[in-house]
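A closer look at the structure
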Amino acid sequence: MKIHTNTCQPITASPTTELMDTINAALENMQQSDSACRVNRQVLDYPDAKLSLTSFNFGTFSTVFIEGKIDQAFTIPIQNNHEFLSLSFVVNGQITTTSHQYDFKNIATSGSAHFCSHRFFSGQELYDVCEQLKVVFICFKQGFIPEFDTLYTHSKALEQFGFQHMHIHASHPIQDCVNLLFSPLTSEALLPMYIQGKSYELLALCAQSLFSEIPRKTGISDTALNRVHQARDILERQLLHPPKIHDLAHLVGTNECSLKKEFKAVFDTSPYAYVIQRRMEKAYRQILTSDLPITTIAQNHGYNNTSHFASTFFKYFGIRPRGLKQLRKNPTSHLQAK
């Protein structure tokens, strides 16, 4: 895969159109017919917010990441001058979208996913205060995936205004895939290929979800769902020193028994197992992207006992930390061993 990387100088102006400019630039690159991946990185440095924008443009579609910290909420205008489809996933944060053309308002909160079709949409987005904003968009043209064209054709919601919007049930596989986009288990050299593969996986999972129209199997209320996402966010921020389950339940306004049940229903795992899984994923990435000793990496992720760390790591990935490190340095070592 050919890769063209462009790293721009930080922008320090007020947050007006830079976010949409990045997405529009990604859409322009979808017109390119060559197979090269174009990577664009931009830092938006405002008085009350610092955002990092990264777009991977693969010719037929683009994957755009927005990450950063927002100390004071701000609004940006939206003026789509392209006709395209998109999937959006909010891992952390809250974005409120409204239209200048008609009575439309959508609040995308942590853990939410949406499918949209855009035809010259005009409106605005309010980005709420957030310690660690994480949003990713996958933008593509009509005709790229027939299943999404079918959804677009048969959905009549807001069609007369040139905009359609559908909520996607963020199933456990979808959430896992989105989380791995932000914590890629690969080296920097293979990152574009990894992002492309995970984006395809997300496209397939979302198409399946939208077509199946399976009702939420969790059977819990929206209030409980919000509590679970709050609990997940707390664990993400405190992976090294997570609160006890009864303290976590208290922080999100419920009891221990209810939180365990609801967390299992949404994420198909327990809060404790979630913490271990996320530690292992982060350790995997650190092994691939650094030359730190395994002992140090184990300590960085809460393990003073290296043997315990290695056995837990093997349980998740089927390879021991030292084996992964050796494989990174010499990809053909496993062939030589044979």
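The name that an unreviewed UniProt entry assigns to the protein chain is HTH araC/xylS-type domain-containing protein, with the source organism given as Vibrio panuliri.

A look at empty space enclosed by the protein
Per the counting criterion, the structure on display carries 2 cavities of 30 Å³ or more. In this structure, the second largest cavity encloses a volume near 110 Å³. Lining the second largest cavity, in full, are Phe-89, Val-90, Val-91, Gly-111, Ser-112, Ala-113, Ala-170, Ile-174, Gln-175, Val-178, Asn-179 and Arg-232. Elements with a contribution of two residues or more to the lining of the second largest cavity: β6 (83-92), β9 (112-119) and α3 (172-182). The element contributing the most residues to the lining of the second largest cavity is α3, with 4 residues.

Thoughts on the packing of aromatic side chains
With the rule as written, the count across this model stands at 19 aromatic pairs. For the ring pair Phe-263 and Tyr-274, a centre distance of 5.8 Å and an interplane angle of 80° mean the geometry is edge-to-face. In this pair, Phe-263 is assigned in helix α7 (residues 256-267) and Tyr-274 in helix α8 (residues 271-289), connecting sequence segments 11 residues apart. For Phe-263, a relative accessible area of 0% corresponds to the buried category. According to the relative accessible area criterion, Tyr-274 is buried, its value standing at 5%. An aromatic cluster of three or more residues is present, and its members are Phe-56, Phe-58, Phe-61, Phe-65, Phe-115, Phe-140, Phe-144, Phe-148, Phe-182 and Tyr-200.

Topic: the nonpolar core
With 49 residues, the main nonpolar core has Leu-87, Phe-89, Phe-115, Phe-140, Phe-148 and Phe-309 as its most contacted residues. Counting residues in each nonpolar core, the second largest holds 20 residues, with Phe-74, Ile-76, Ala-108 and Cys-130 among its members.

A closer look at the pattern of salt bridges
Evaluated as defined, the whole model comprises 9 salt bridges. Here Arg-41 ties to Glu-188 by a salt bridge, and the two come within 3.3 Å at their closest N and O atoms. Of this pair, Arg-41 sits in strand β2 (residues 37-46) while Glu-188 sits in the loop between α3 and α4 (191-212), placing them 147 residues apart in sequence. Across the pair Arg-227 and Glu-262 runs a salt bridge whose closest N-O atoms are separated by 3.1 Å. Pair noted here: Arg-227 is in helix α5 (residues 222-237) and Glu-262 is in helix α7, with a separation of 35 residues, a long-range link.

What counts as what
- Counting starts from 1 at the beginning of each chain's written sequence and moves along it residue by residue.
- Only residues with pLDDT of at least 70 are given local features in this predicted model, and only at 80 or more are side-chain atom pairs given and counted; all residues enter the totals for whole chains, interfaces and linings.
- Excluded from the side-chain calculation are hydrogens and water; included are all heavy atoms of the structure.
- Grid points spaced at 1 Å and placed over the protein atoms alone form the basis of the search, with a cavity being a set where a 1.4 Å probe fits but cannot get out and a pocket an open set showing protein on both sides within 12 Å along at least five of seven lines. Lining residues have an atom within 4 Å of a point.
- Grid points are joined across faces, edges and corners, and a volume is the space filled by probe spheres set on the points.
- Secondary structure is summarised from DSSP: a helix means a run of H or I of at least four residues, a strand means a run of E of at least two, and numbering begins at the N terminus for each.
- Any two of the Phe, Tyr and Trp rings considered here, Trp counted by its six-membered ring, make a pair once their centres fall within 6.5 Å; the pair's planes then place it as stacked at under 30 degrees, edge-to-face at over 60, or tilted in between.
- For every residue, the accessible area (1.4 Å probe, protein chains only) is compared with the maximum for its type, and the residue is labelled buried under 20%, exposed over 50%, or partly exposed between those bounds.
- In plain words, nonpolar cores are sets of buried Ala, Val, Leu, Ile, Met, Phe, Trp, Tyr and Cys residues tied together by side-chain atoms within 4.5 Å.
- A pairing counts as a salt bridge when a side-chain nitrogen of Lys or Arg comes within 4 Å of a carboxyl oxygen of Asp or Glu.

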